[in-house]
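Listed here are the chains, written in short residue letters.
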Amino acid sequence: MEVDDPFVRFIDYAISVLSPPDPDEDANKPPWSWAWGRIIKTCRAYSSGVTPAILLSELSQAWAENQRGGGYYYSQKKKKKKRPDQLQKNRVKLPDTVTIDTIYDKNFLSFTTLLQVVILDVFLLPGTNFYMLTLGDFWSSNTIDLYLHRRFYDLADLKNGILKKGRELLLTGCYLRPTTRGSGRHLRLLPTEYLLLILDEDEDDDAMLLAAQFCSDSLASVSVDEGVSYSLYARWIESIGSLEIQGSLQKKQITLVDNDNFRIKFLLWGDQVVLANCFSVGSWLALDQPFVSSCMESEEIYLEYGSVTQLYIVPFIRHEEQVSVASTQGSKKLTTTADSSQGPKVSQVTLPCDSRGAIDFSNYPFRLFVADLRDKMSNISIYGVVTYIKKPNIPESSSTFSLRVEDPTGGIWANLHFVKSWSLGKISIGHTVYIAGLTCAAITKCQSIEVSWDEKDGGCLFVNLSCLPALLNSSCLHKASTLSDLSANTHVCRIWLDQIEHCDVSLRYFHTSCGHIATQNSGFECNFCGCDCNDDIVPGFHLKVTIADNTGKVLAWCTGHTATELLQISPDEFFNLPEEEQMMYPSSLEHERFIVALVNSKQGTVVEEDDVSIWEITQALKSD
């Protein structure tokens, strides 16, 4: 299985192109999972197909921005060249962060973008009482000015304010206002309500501020009393919920914990949800004058971002551990394309630990195989073939699905926990998948390792390569196969329809969210998710057909959009035909040629003698 995988081979090639020429800097090469994610992003943008030139161009640009924007390995390397007073703390690099140089390059700033900046100057705009901040960051040569929002004016006093030169900030929810200064171009940011002050407990002034302002009130003391204001300090951001929709409003819940292990929810509504970009699990959060609300049904107390609320954050400082590379990359010998000259040039890589003490492998420079996985590894990725699926069968676990994923070194169970039900698109046995953002845990009773992901924590990348539209027309990502070559992997073949008089066409209803058949009883129930889906179904085909090429013939099956592509007619059009024309229609497709993706849909299962259709066509594209 997975011998000479073209997709893996191209990722390794792309990483080698982007890697430093000096072998001693092997640890500074692009992380394997980063390259995977960027290639998938490009494939989704160019769904009709990609070329090596397109992929390498996109990767090169993204990697250059990553380095300039303070990617983890790059920042570790650059630290050695800075004076001690210029060193940046080894903090979590938050998602959606951009640099000031990038804003100038693109002349664009998204509302959800995060800026990690430091104040270089504070001044009043001449002739006005408007406060301005000149901002820089750790990676840019440009600076940018911010019109300070009036809710922060009490912090910006030119003599005694804590918004002063050297203060670090997190900004989001910003808009650009281009201006001219002299003969050059200068950008300014319009006022934003979404600003957090970064505090450092090692700094005396910050430690005194925390002690004086935020230690008198506790989370447990909060109540809905009119006229009472609080200054609260949570020593732990425990979790950051996924985006929810309530009516027409967006909502996010942040769980805060104090020194007494008391928990309280901090709610963000509407545009406020962009503030969650500034948070990271494990950081400490101080809230000055939060709005206090309660739930009518449960009387639970909540904190909200009110009109006068100000936020201070002490970012989580990441500890690091040395990870051996040799044991991991020994598994490279399992692939025929790798040889000793392609192995790693370093024996250890320094990786950060997350807030729970697990080693964070999101920036690991090499591929992880199943045999490499150990307890307390986070943000790991697996790539392999799905050989078994455990679907929920009792109400209490209706949101948990388990996939058995196998690569050349073995198999592992991936437990995926959903808020409601499966939400990652179509998946079936035999499909090739890439899953990133998983956490490893040891199962003591059976002495094994399992990986898991929880939808409410976010951060998962799930790609079904067998159903990736760009795959069929991207020769650099697949190897053309013949029907006599079929094995356990996803194969791309050029075929024609054969023995069309024996094809079997039937109408089914499909659950839109997961692409599987829904059975109609009193209502529609998805055969895969097990959920009621009366309002989320579409009609489609279930098709069995013989396909052929110059090396042989196989009986294959497909459903939904793939079947529609092969039949070249929509379900509504087909079933509106008279019955005689329905019977005659398939004969018009004899010898029609297609490019298809084929998988073995019976892996790990016993095939009945009369069940000869083990090959699923996951994609089809008409060919000349």
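Because the structure is a prediction, the values reported are computed rather than measured.

### Re the overall build of the protein
Logical step 1: Of the regular secondary structure elements, the protein holds 10 helices and 35 strands.
Logical step 2: Sorting the 624 residues of the protein into buried and exposed places 50% on the buried side.
Logical step 3: Expressed as a percentage of contacts within the protein between residues at least 6 apart in sequence, the contacts between residues at least 24 apart total 64%.
Logical step 4: About 29,700 Å² of surface is accessible on the protein, with carbon and sulfur atoms providing 49% of the total.

### As for the packing of helix 1 (residues 6–18) against helix 2 (residues 32–45)
Logical step 1: Look at helix 1 against helix 2: their axes get within 10 Å of each other, and the N-to-C directions meet at 110°. Classified by the angle their axes make, helix 1 and helix 2 are roughly perpendicular. Considering only the axes of helix 1 and helix 2, their crossing is right-handed. Judged by residue contacts, Phe7, Val8, Phe10, Ile11, Asp12, Ile15 and Leu18 of helix 1 engage Trp32, Trp34, Ala35, Trp36, Ile39 and Ile40 from helix 2.
Logical step 2: A per-class count over the contact of helix 1 with helix 2 returns 12 nonpolar, no polar and one charged.

### Section: the confidence of the model for the protein
Logical step 1: Averaged over the protein, the pLDDT score is 84; the fraction of residues at 70 or greater is 87%.
Logical step 2: Low pLDDT (under 50) marks residues 330–343, which in the prediction has 13 contacts with non-local residues, meaning those over four places away or in another chain.

### What about helix 1?
Logical step 1: An ideal rise of 1.5 Å per residue puts 18 Å on 13 residues; helix 1 measures up with 18 Å between its terminal C-alpha atoms.
Logical step 2: Taken residue by residue, helix 1 has Pro6, Phe7, Val8, Phe10, Ile11, Ala14, Ile15 and Leu18 as its buried positions.

### A word on the packing of aromatic side chains
Logical step 1: Tallied over the entire structure, the rule returns 28 aromatic pairs.
Logical step 2: An angle of 80° between the planes, with centres 4.9 Å apart, marks the rings of Tyr131 and Tyr153 as edge-to-face. Here Tyr131 is found in strand 2 (residues 131–136), whereas its partner Tyr153 is found in the loop between strand 3 (144–147) and strand 4 (168–171), with 22 residues between them in sequence.
Logical step 3: Take Tyr131: its relative accessible area is 13%, and that puts it in the buried class.
Logical step 4: Look at Phe266 and Phe279: their rings are 6.4 Å apart centre to centre, the planes differ by 50°, and that puts the pair in the tilted class. You can see Phe266 sitting in strand 12 (residues 263–269) and its partner Phe279 sitting in the loop between strand 12 and strand 13 (284–288), a full 13 residues away along the chain.

### Notes on the environment of Thr519
Logical step 1: Structurally, Thr519 is set in strand 30 (residues 517–520).
Logical step 2: For Thr519 and Tyr509, which are 10 residues apart along the polypeptide, the C-alpha to C-alpha distance reads 7.3 Å.
Logical step 3: In contact with Thr519, other than residues within four places in its own chain, are Phe524, Glu525 and Asn527.
Logical step 4: Separated by 2.6 Å, the side chains of Thr519 and Asn527 make a polar contact.

### A few points about helix 6 (residues 204–214)
Logical step 1: Residues of helix 6 that are buried include every one of Asp206, Leu209, Leu210 and Phe214, and no others. The buried residues of helix 6 occupy an angular sector of 95° when the element is viewed end-on, so they sit on one face. Relative to its buried face, helix 6 has exposed residues pointing more than 90 degrees away, namely Asp204, Asp205, Met208 and Ala212.
Logical step 2: Looking at the buried residues of helix 6, the elements they touch are strand 7 (195–198), strand 8 (231–234), strand 13 and strand 16 (310–314).

### Structural notes on the pattern of salt bridges
Logical step 1: Tallying each qualifying case throughout the model produces nine salt bridges.
Logical step 2: Residue Arg188 is joined to Asp145 by a salt bridge in which the shortest nitrogen-to-oxygen separation is 3.7 Å. Taken together, the residues Arg188 in strand 6 (residues 184–189) and Asp145 in strand 3 connect sequence positions 43 residues apart.
Logical step 3: For Arg188, a relative accessible area of 17% puts it in the buried group.
Logical step 4: For Asp145, a relative accessible area of 2% gives the class buried.
Logical step 5: Ionic pairing is found between Arg151 and Glu193, a salt bridge with its closest N-O pair at 2.6 Å. A residue pair is termed long-range when its members are at least 10 positions apart, and Arg151 in the loop between strand 3 and strand 4 and Glu193 in the loop between strand 6 and strand 7 qualify at 42 residues.
Logical step 6: Judged by its relative accessible area of 32%, Glu193 falls in the partly exposed class.

### Regarding the nonpolar core
Logical step 1: Formed by 65 residues in total, the largest nonpolar core has its most connected members in Leu256, Phe266 and Phe279.
Logical step 2: In this structure, Phe266 is in contact with Lys252, Gln253, Ile254, Leu256, Phe279, Leu285, Leu287, Leu303, Glu304, Tyr305 and Leu311, ignoring residues within four places of it in sequence.
Logical step 3: Of all hydrophobic cores here, the second largest spans 41 residues; its members include Phe366, Leu403, Phe418 and Cys533.

### A word on unusual backbone geometry
What is expected of a backbone is that most residues other than glycine have negative phi and most peptide bonds are trans.
Logical step 1: Even without being a glycine, Asn107 presents a positive backbone phi close to 50°.
Logical step 2: With respect to the secondary-structure elements, Asn107 resides in the loop between helix 5 (100–106) and strand 1 (115–124).
Logical step 3: Look at Asn107 and you get partly exposed, because its relative accessible area is 42%.
Logical step 4: Located in the positive-phi region is Asn379, a residue other than glycine, with phi close to 55°.
Logical step 5: Looking at the element boundaries, Asn379 is found in the loop between strand 20 (377–378) and strand 21 (380–390).

### Overview of the pairing of strand 21
Logical step 1: Counting buried positions along strand 21 yields nine of 11 residues, so the element is predominantly enclosed.
Logical step 2: Sheet topology note: the strand 21/strand 24 (residues 432–443) ladder contains six bridges and is antiparallel. The residue of strand 24 that forms the bridge with Val385 is Thr432.
Logical step 3: In this structure, strand 21 lies alongside strand 22 (residues 400–407), joined through five bridges in antiparallel fashion. What sits directly across from Tyr388, in strand 22, is Arg404.

Quick notes on the rules
- Residues numbered from 1 in each chain as written.
- Predicted model: local features only at pLDDT ≥ 70, side-chain atom pairs only at ≥ 80, totals over all residues.
- Heavy atoms only, no water.
- Helix = DSSP H or I, 4+ residues; strand = E, 2+ residues; numbered from the N terminus.
- Buried < 20%, exposed > 50% of the residue type's maximum accessible area, 1.4 Å probe, protein only.
- Contact = heavy atoms within 4.5 Å.
- Areas by Shrake-Rupley, 256 points an atom, 1.4 Å probe, with all protein chains shown as cover.
- Axes fitted to C-alpha atoms, helices over the stretch in contact; angles between N-to-C directions.
- Parallel < 35°, antiparallel > 145°, perpendicular 65-115°, else oblique.
- Left-handed = near helix turned anticlockwise from the far one by under 90°.
- Nonpolar A, V, L, I, M, F, W, Y, C, P; charged D, E, K, R; others polar.
- pLDDT = per-residue confidence, 0-100.
- Expected span 1.5 Å × (residues − 1).
- Phe/Tyr/Trp six-rings, centres within 6.5 Å; stacked < 30°, edge-to-face > 60°.
- Polar contact = N/O pair within 3.5 Å; in protein donor to acceptor, adjacent residues only side chain to side chain.
- Arc of directions from axis to C-beta.
- Salt bridge = Lys/Arg side-chain N within 4 Å of Asp/Glu carboxyl O.
- Core = buried A, V, L, I, M, F, W, Y, C linked by side-chain atoms within 4.5 Å.
- Pairing = 2+ DSSP bridges.

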